[in-house]
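# Descriptive structure summary
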Amino acid sequence: LGLASDDLPFLDLNGTDGKTRATLRLSEKSRPLFSMGDETWEGRIMLGAIENDFRSTSLTDWGLQFTGPSPMRLPASIGMIWDSASNSFSGTLTVHDVRGKVLKAP
């Protein structure tokens, strides 16, 4: 339990090896993100606010993301994203298979 270097609060649960297994944090906009992992990598599953650096809107996407060992690998996600064209939120589902094929709805 503490404050990160940017003075944002966090709560970490560590395994016996000292690696973080679960963490609850607040973003720069004070939105929550809960993340769970194992001894292989942190952040296997993330639930909460998904904030992009390039977004200028105050609205935030929310979702559940499953990640792989590489920080750029996102095999599956389900969430609610802001659609500026319709000026509303919409649901989304994205799944990547091992060959790189992507199933995305809508």
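The rules behind the values
- Residue numbers here run from 1 along each chain, matching the order of that chain's written sequence.
- With the structure being a predicted model, the display of local features is reserved for residues of pLDDT at least 70 and the display and counting of side-chain atom pairs for 80 or more, all residues being used for whole-chain, interface and lining totals.
- Hydrogen atoms and water are omitted, and side-chain values are computed over all heavy atoms in the structure.
- If DSSP finds at least two bridges between two strands, the strands pair.
- The numbering of helices and of strands both runs from the N terminus, where a helix is a DSSP run of H or I of at least 4 residues and a strand a run of E of at least 2.
- Two kinds of site are reported from a 1 Å grid over the protein atoms alone, namely cavities, where a 1.4 Å probe fits but cannot get out, and pockets, open sets with protein on both sides within 12 Å along at least five of seven lines, and residues are called lining when an atom falls within 4 Å of a point.
- Grid points are joined across faces, edges and corners, and a volume is the space filled by probe spheres set on the points.
- Residues are grouped as follows: Ala, Val, Leu, Ile, Met, Phe, Trp, Tyr, Cys and Pro are nonpolar; Asp, Glu, Lys and Arg are charged; every other residue, Gly included, is polar.

Right, let's get into the sheet that holds strand 3 (residues 20-26). The pairing of strands in a sheet happens through backbone hydrogen bonds and is either parallel or antiparallel. Taking strand neighbours across the sheet as the criterion, the nine strands line up as 1-2-3-4-5-6-7-8-9 in an open arrangement whose pairing is antiparallel. Of all strands in the sheet, those with a lone pairing partner are strand 1 (2-3) and strand 9 (102-105), marking the two edges. Across four bridges, the pairing between strand 4 (residues 32-36) and strand 5 (residues 45-50) is antiparallel. Paired with S35 across the two strands is M46, which belongs to strand 5.

Take the pairing of strand 3 next. Here strand 2 (residues 9-14) runs beside strand 3; their pairing, made up of five bridges, is antiparallel. Bridging from a neighbouring strand, N14 pairs with T20 of strand 3. The turn linking strand 2 back onto strand 3 is made up of five residues, and G18 within it adopts a positive phi angle of 85°. Sheet topology note: the strand 3/strand 4 ladder contains five bridges and is antiparallel. Across the sheet, residue A22 finds its bridge partner in strand 4, namely M36.

Right, let's get into the layout of surface pockets. The computed volume of the largest pocket comes to approximately 490 Å³. S27, E28, L33, A49 and E51 are, among the 21 residues lining the largest pocket, the residues nearest its centre. Elements represented by at least two residues in the lining of the largest pocket include exactly strand 2, strand 3, strand 4, strand 5 and strand 6 (61-66). Considered class by class, the residues forming the lining of the largest pocket number 10 nonpolar, four polar and seven charged. Considered as a void within the structure, the second largest pocket measures approximately 240 Å³ in volume. If you list the elements that add at least two residues to the lining of the second largest pocket, you get strand 6, strand 7 (76-83) and strand 8 (88-96).

Take it as geometry only, folks, not as evidence of what the structure does.
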